[in-house]
Amino acid sequence: MNKKFENLFEDGKKLLSIYITAGYPSLNDTVPTLIALEKNGVDFVEIGMPYSDPMADGTTIQQSSEKAIKNGMHLDLLFSQIKEARKSVSIPFVYMGYLNQLMQYGLDKFCQACVDSGIDSLIIPDLPMEVYAEEHKAIFEKYNLGLSFLISPQSGEKRIKQADDLSYPFLYQVSSNAITGASSKISDVQLDYFKRIEEMKLKSPKMIGFGISNKETFDQACERASGAIIGSAFIKAVSQEGDLENNIGQFIKSIRE
Amino acid sequence: MQYAVDEKGFYGEFGGAFIPEMLYPNVEELRKSYLEISATPSFKKEFDDLLKHYVGRPTPLYFAKKLSEKYGTQVYLKREDLNHTGAHKVNNTIGQILMAERMGKKRIIAETGAGQHGVATATVCALKGLECIVYMGAVDIERQAPNVARMKMLGAEVRPALSGSKTLKDATNEAIRDWISNPEDTFYIIGSVVGPHPYPDMVARFQSVISEEIKKQLQEQIGRDYPDYILACVGGGSNAAGAFYHYLDDTRVQLFMAEAAGHGIDTNMSAATSVLGTEGIIHGSRTLLMQTKDGQIIEPHSISAGLDYPGIGPLHAHLIKSGRARSFPITDKESVDASFMLSRLEGIIPALESAHALTILEKYDFKADDIVVLNLSGRGDKDLGTFMKYMDEYE
Ligand SMILES: Cc1ncc(COP(=O)(O)O)c(C=O)c1O
């Protein structure tokens, strides 16, 4: 499968992934953001394509998406920005977006554009596993694009195994019963759930996301998974006044000090 | 039935359940149990009893003599406006609250546009002593103030949806997010035939009491159990689904849907989905919706909060696509005209939503002996604030 991810999960390093909203805070911030993330040692990036109705997202990502759409973000522009970033950035890129936009673009054309621009895998939160397996798997495989499926604390064992089987390069473990959004603490119930999933000894590496916001929650998640994904807390950090690169550098340092 | 939902939750190519994994256990639990629970004798008995003694069903099928004379045809009004709480919405909330109760849920959430579904949900929650949270767009809270007060009076909490166009679509997003965050104790009572399977089918079944009664009442009144036409407005499509349900496969009956054209279908202030929409996914269902070519959902406009929605239910998308039903886009102004017309002609103040369906009488040339059943989905008390603004024009 995809070369960029090949060794990432092998050497046991705890991985930091950052979610960004493409075209935010300004339309042309996507490329400098990707460059700064690699420079600051982030292991891979989830590039969020802004959507008008992101049903799994909390206020922070909703608002950044609304702004990015107003800024003029659209799919063709995103692909050209990613191509531009690929001239200098080599860490893996994961596209994250809702199914409707893929449908309108056309799935085949979309996959081709991902490959051409340098996207390595995808997360489509509202694409059900059954529909993927029956209708779309062949196309994604043709283009060598992996998909990460989500599991939540409510997911039954059978569902988790199914997601484990279908996911590549990693399984996306949602940290709690919640939409995206920064929370400052991880509860005992969540820790038990992290432990329960770890003990299932799944095939896929796991990345924990939703509600990871600072060094403490990042470290807690990393104890039971290959790494963690930070979204809303990062969006808040780049929403602040001041130089974009500076804000990014300081935020990443605060996680990995 | 040719127009029934299939095993996977589709009507032709429309429907399904395109939801994030976090919602899967909830939706799956409902999918597995909704048919079984609603078929139990105790459920059926309680549902029928409540509709009869609490809601006041059957609602009359009223031959509107003056309206018939005006349009030179035979118009029967199905008086859903006479239901307890003032609209058809309560048929569905009674069904869903009994479902929630039997599934052991303690906390009820709902979205609302015009507030009619919110009021109907708050009502059944009061009846059953369950906690009730209603999401409502901030714009709708403003324009349907009487219904906000009613929900509060009934003990519900009304939470404003502040994203997007701050109307029904956004309230639905907020309700879905609440459900993701509260998967164990919460039941989401959806207000129309929208959302992921099994909601469109479940809501249509609860609303199907409307056409069940129409059949009986027509038989009694005219000696045959079907009309030539059924007219209904479509926001998400629940009152239309209920009025069409038992006639879906009966092609002697033509099905007409009134959609909100807002300022007109050639303006960017409209909500006429079957005219302006393309295939896509909204609120977990593959259907027709208004969107940009890039797949961003377009913020709709209608004077009527209950029709101010950029999608339609998957059943209706299928009815339109297959040619079984026909859609009429009706403007804001036309619906206000029709509201004043019916009020003064028959002494019935219709909801702005229902007034859209009335306008079809202006647009289509019905024959003198055609039997036309118009589903009057709700009453206009909630819209008096809007009507007052136009009063001068109709003195
Ligand atoms: C009176 C009335 N009619 C119609 C509607 C539209 O909903 P539906 O298309 O689901 O019947 C509403 C929604 O609020 C309503 O209040």
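Chain B has the name Tryptophan synthase beta chain in an unreviewed UniProt entry, where Portibacter lacus is given as its organism. If you open the UniProt record of chain B and go to Pathway (unreviewed entry), you find "Amino-acid biosynthesis; L-tryptophan biosynthesis; L-tryptophan from chorismate: step 5/5."

In the nomenclature of an unreviewed UniProt entry, chain A is known as Tryptophan synthase alpha chain of Portibacter lacus. Regarding chain A, the relevant UniProt record gives this comment under Pathway (unreviewed entry): "Amino-acid biosynthesis; L-tryptophan biosynthesis; L-tryptophan from chorismate: step 5/5."

What follows deals with the UniProt feature "active site" (unreviewed entry) in chain A. Taking the UniProt record as the reference, the feature "active site" (unreviewed entry) is found at E46 and D57 of chain A. Along the chain, the position of E46 of chain A falls in strand β2 (residues 44-48). Residues within four places of E46 of chain A in sequence aside, it is in contact with S17, I18, Y19, I20, V94, M96, I123, Y172 and I229 of chain A. With respect to the helices and strands, D57 of chain A occurs in the loop between β2 and α3 (59-71). Its relative accessible area of 4% is what places D57 of chain A among the buried residues. Each residue touching D57 of chain A, except ones within four places of it in the same chain, is listed here: Q62, Y98, I179 and T180 of chain A together with R177 of chain B. Separated by 2.8 Å, the side chains of D57 of chain A and Y98 of chain A make a polar contact.

Moving on, we come to the domain arrangement of chain B. Residues and elements named next belong to chain B. The domain boundaries assigned to chain B delineate domain 1 (20-50 + 89-203) and domain 2 (56-86 + 208-394). The gap between the C-alpha centroids of domain 1 and domain 2 is 22 Å. Each partner contributes residues to the interface: domain 1 has 31 residues there, and domain 2 has 33 residues. Interface area, domain 1 with domain 2, both sides summed: about 2300 Å², of which 57% is carbon and sulfur. The interface formed by domain 1 and domain 2 holds 1 salt bridge in total.

All names here are of chain B. The immediate surroundings of the ligand are formed by 19 residues, with S192, G235, G237, S238 and S377 found nearest. Within the contact set of the ligand, an oxygen atom lies 2.5 Å away from a side-chain nitrogen or oxygen of S192. N239 places a side-chain nitrogen or oxygen 2.8 Å from an oxygen atom of the ligand. Taken together, the residues of the shell around the ligand break down into 6 nonpolar, 11 polar and 2 charged. Both domains that meet at the shell around the ligand, namely domain 1 (20-50 + 89-203) and domain 2 (56-86 + 208-394), each give it at least three residues.

Moving on, we come to the sheet that holds strand β3 (residues 93-96) of chain A. Residue and element names in this part refer to chain A. Within the open sheet, the 9 strands sit side by side as β5-β4-β3-β2-β1-β9-β8-β7-β6. Their pairing is parallel. Edge strands, defined here as strands with exactly one partner in the open sheet, are β5 (146-147) and β6 (150-151). Those strands touched by helix α2 (residues 30-39) are β1 (15-21), β2 and β3, and its axis lies near 170° from that of β1.

The element helix α9 (residues 199-207) of chain B is extensively covered by neighbouring structure, given that 8 of its 9 residues are classed as buried. Of all the residues in α9 of chain B, the buried ones are Y199, P200, D201, M202, V203, A204, F206 and Q207 of chain B.

This brings us to unusual backbone geometry. Look at the link from Y168 of chain A to P169 of chain A: it is a cis peptide, with omega at 5°. Note that P169 of chain A resides in the loop between α8 (157-166) and β7 (171-174). Of note, the amide linkage connecting R57 of chain B to P58 of chain B takes the cis form, showing an omega dihedral of 0°. Relative to the helices and strands, P58 of chain B is located in the loop between α2 (41-55) and β3 (61-63). Of note, the phi angle at H283 of chain B is positive, near 45°, even though the residue is not glycine. Here H283 of chain B is to be found in the loop between β11 (278-282) and β12 (285-289).

The subject of this paragraph is the pattern of salt bridges. Residue and element names in this part refer to chain B. Counting across every chain of the model gives 46 salt bridges over all chains. Residue E101 pairs with K128 through a salt bridge whose shortest N-O separation is 3.3 Å. Taken together, the residues span a long stretch of sequence, with E101 in helix α4 (residues 89-102) and K128 in helix α5 (residues 116-128) at a distance of 27 residues. Residue E101 is classed as partly exposed on the basis of its relative accessible area, which comes to 34%. Residue classification places K128 among the partly exposed positions, given a relative accessible area of 22%. Bridged by salt links that share partners, the residues E46, E101, R102 and K128 form one connected network.

Now for the sheet that holds β3 of chain B. All names here are of chain B. The 6 strands are arranged β3-β4-β14-β9-β10-β13 in an open sheet whose pairing can be described as mixed. Every other strand in the sheet has two partners, leaving β3 and β13 (325-331) as the edge strands with one partner each. The sheet shows a mean angle of 25° between the axes of neighbouring strands, direction not considered. Relative to strand β14 (residues 371-376), strand β9 (residues 229-233) runs parallel, the two being bridged by 3 bridges. Note on β14: the bridge partner recorded for I230 is V373. Each of β3, β4 (74-79) and β14 touches helix α10 (residues 209-222); the most contacted strand, β4, lies at about 135° to it. Its contacts with the sheet place helix α14 (residues 332-346) against β3, β4, β10 (254-262), β13 and β14, and it is angled at close to 90° to β13.

Definitions and limits used
- Residues numbered from 1 in each chain as written.
- Chains lettered and ligands numbered in written order.
- Predicted model: local features only at pLDDT ≥ 70, side-chain atom pairs only at ≥ 80, totals over all residues.
- Heavy atoms only, no water.
- UniProt positions renumbered as here; feature names shortened; annotations may be inferred.
- Helix = DSSP H or I, 4+ residues; strand = E, 2+ residues; numbered from the N terminus.
- Contact = heavy atoms within 4.5 Å.
- Buried < 20%, exposed > 50% of the residue type's maximum accessible area, 1.4 Å probe, protein only.
- Polar contact = N/O pair within 3.5 Å; in protein donor to acceptor, adjacent residues only side chain to side chain.
- Domains from an automatic or database assignment.
- Buried area = accessible area lost by both parts, 1.4 Å probe.
- Salt bridge = Lys/Arg side-chain N within 4 Å of Asp/Glu carboxyl O.
- Near = heavy atom within 4 Å.
- Nonpolar A, V, L, I, M, F, W, Y, C, P; charged D, E, K, R; others polar.
- Pairing = 2+ DSSP bridges.
- Axes fitted to C-alpha atoms, helices over the stretch in contact; angles between N-to-C directions.

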